[in-house]
Every structure is written in C-alpha cells, then in structure tokens.
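# Observations on chain architecture
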Amino acid sequence: MKTLVATFLIAACAGCTGVPGQNGMQTERGAAPTRTGADCARGTPVPAVETLYGRWRVRIDGQPDASADLGPHPDYAGVRGRLARPTGVAQLAGDLDDEGTLALDESEDGRSISATWTLAMQPDSCGKEFKGTWQHAGDEATRPVVMTRLSPAP
C-alpha cells in the first residue's frame, strides 16, 4: 500500500512541475524538441540533429553576414544545406556530436572542401546559437564564426 501511495505522489509531483516523461516527447517528425523558456535556465540538453533544420544567420569575422539553410542529409544522420553570401552560394554538410559540437564542411564548387567549421552550442541558448571557428582550406586562415537561429524548418 505504501508503495502504491508513493508511486502516486511521485507521478503527481512530476505532473505538477511540468516535467514531461519520456513517453510522448516525440514531435510529428520523431525528434525530441529542445527545451525553451524556464527549462533552458536549468541547463540545455544537447539538441537532436533535427533541431538544426531551418534558417540561420552566419557571422564570420571579417566577412559580410550570410544565411544558412540546413535540412536533413539524405545519406546519413547529419545536416546538409546551403550558405548564401552576397558574393555567392556554397554547400554545407556536417553533423552534431554527443557533446553538442557542430562540424560542417563548406564547398564552393560542390566537389572539394573550401572551408571547415567547428562550432559549440552556447550554454543557455537552447540550441539556438553556436560559436566557433571557420577555417579556409586554401590558406588555412581561421576566423571566429557565430550561427544564430532565425527560424526553424517549416
């Protein structure tokens, strides 16, 4: 009887605090959503790769602002998309590791890698901001880069 009462009280407390269980955490696309609002102050979990899908503002130090559109990679559990700069368009492909590090390869011609990106999810950003380095393949110049979510994928 005490076990039954304790189980009921634990379940009731979890429901009152707004803590969701693992069941029912799937969205229509099957990805667990990133936490928002007050949940982010408690610590942001590493987002699922699906949370990277959408439009991002890209700021690479010393270059004009750009935008990136990311979506699912057709061949593996990563992302693929395009980077639109005032000077042209490049292709992006990469993945997110278990620690929240986003690694992207950039290709200006669609065949060879022209730059690599290594970005870390920023604490308390709920997966909406990544900062790191952009490294040009030709001269190995390294510059700071910031990606900020503009809108999720439709």
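In this report, we go over the structure that sits alongside the text. Keep in mind that what you see is a predicted model, and the values were worked out from it rather than measured. (Residues numbered from 1 in each chain as written. Predicted model: local features only at pLDDT ≥ 70, side-chain atom pairs only at ≥ 80, totals over all residues. Heavy atoms only, no water.)

### Digging into the nonpolar core
Selection rule: We define a nonpolar core as any set of buried Ala, Val, Leu, Ile, Met, Phe, Trp, Tyr and Cys residues linked to one another through side-chain atoms lying within 4.5 Å. Note on exposure labels: buried denotes an accessible area under 20% of the residue type's maximum, exposed denotes more than 50%, and partly exposed covers the range between, all computed with a 1.4 Å probe on protein chains only. Going along the chain from the N terminus, every DSSP run of H or I of four or more residues is numbered as a helix, and every run of E of two or more is numbered as a strand. The contact definition used throughout considers only heavy atoms, calling two residues in contact when any of these lie within 4.5 Å.
Val58, Trp117, Phe130 and Met147 are the most contacted members of the largest nonpolar core, which totals 24 residues. Those elements that provide at least two residues to this core are β1 (54–60), β2 (66–72), β3 (79–85), β4 (88–96), β5 (101–107), β6 (115–121), β7 (129–136) and β8 (142–152). Sorting elements by how many residues they give to this core places β6 first, with four residues. If near-sequence neighbours (up to four positions away) are discounted, Met147 is found in contact with Trp56, Arg57, Val58, Leu70, Leu102, Leu104, Trp117, Leu119, Lys128, Glu129 and Phe130.

### Observations concerning the pattern of salt bridges
Selection criterion: Each reported salt bridge corresponds to a side-chain nitrogen of Lys or Arg within 4 Å of a carboxyl oxygen of Asp or Glu.
All told, the structure shown has three salt bridges when counted by the stated rule. Across the pair Arg59 and Asp65 runs a salt bridge whose closest N-O atoms are separated by 3.1 Å. Judged by relative accessible area, Asp65 falls into the partly exposed class, the value being 41%. A salt bridge links Arg85 to Glu106, with the nearest nitrogen and oxygen atoms 2.8 Å apart. Of the two residues, Arg85 is situated in strand β3 and Glu106 in strand β5; the sequence distance between them amounts to 21 residues. For the residue pair Arg85 and Glu106, the accessibility class agrees, reading buried in each case.

### Quick word on the environment of Asp139
Stated precisely, the cut-off is as follows: N or O atoms closer than or at 3.5 Å make up a polar contact, with two conditions inside protein: a donor-capable atom paired with an acceptor-capable one, and, for residues adjacent in sequence, both atoms drawn from side chains.
Here Asp139 lies in the loop between β7 and β8. Look at Asp139 and you get exposed, because its relative accessible area is 56%. Sequence separation of Asp139 and Ser114 is 25 residues, and the distance between their C-alpha atoms is 9.9 Å. At a separation of 3.3 Å, a polar atom in the side chain of Asp139 contacts the side chain of His136. Of the polar contacts made by the side chain of Asp139, one reaches the backbone nitrogen of Ala141; its length is 2.9 Å.

### Focus: the packing of aromatic side chains
Convention followed: When the centres of two rings from Phe, Tyr and Trp lie within 6.5 Å, Trp using its six-membered ring, the rings pair. Their planes under 30 degrees apart give stacked, over 60 give edge-to-face, and anything left gives tilted.
Tallied over the entire structure, the rule returns one aromatic pair. Ring geometry for Trp56 and Phe130: centres 5.9 Å apart, planes at 70 degrees, overall edge-to-face. Of this pair, Trp56 sits in strand β1 while Phe130 sits in strand β7, and the two are 74 residues apart along the sequence. Exposure class is identical for Trp56 and Phe130. Each is buried.

### Section: a negative patch on the surface
To be explicit about the condition: The patch calculation keeps residues exceeding 30% relative accessible area without a salt bridge and links them within 9 Å when they carry like charges or within 5 Å when they are nonpolar (Val, Leu, Ile, Met, Phe, Trp, Tyr). All accessibility values rest on the Shrake-Rupley procedure with a 1.4 Å probe; residue burial counts only the protein chains present in the view. Counting rule applied: Lys, Arg positive; Asp, Glu negative; His and chain ends not counted. Lys charges are placed at NZ, Arg charges at CZ, Asp charges at CG and Glu charges at CD.
Taken together, Asp95, Asp97, Asp98, Glu99 and Asp105 make up a surface patch of like negative charges. Checked against the element boundaries, Asp95 lands in strand β4.

### Regarding the pairing of β8
Put simply, the rule reads: Two strands qualify as a pair provided that DSSP identifies no fewer than 2 bridges between them.
Sheet topology note: the β1/β8 ladder contains seven bridges and is antiparallel. Its bridge partner being in β8, Gly54 is matched across the sheet by Pro152. Pairing analysis gives seven bridges linking β7 to β8, with the strands arranged antiparallel. Looking across to β8, one finds that Phe130 is bridged to Met147. The turn linking β7 back onto β8 is made up of five residues, and Glu140 within it adopts a positive phi angle of 60 degrees.

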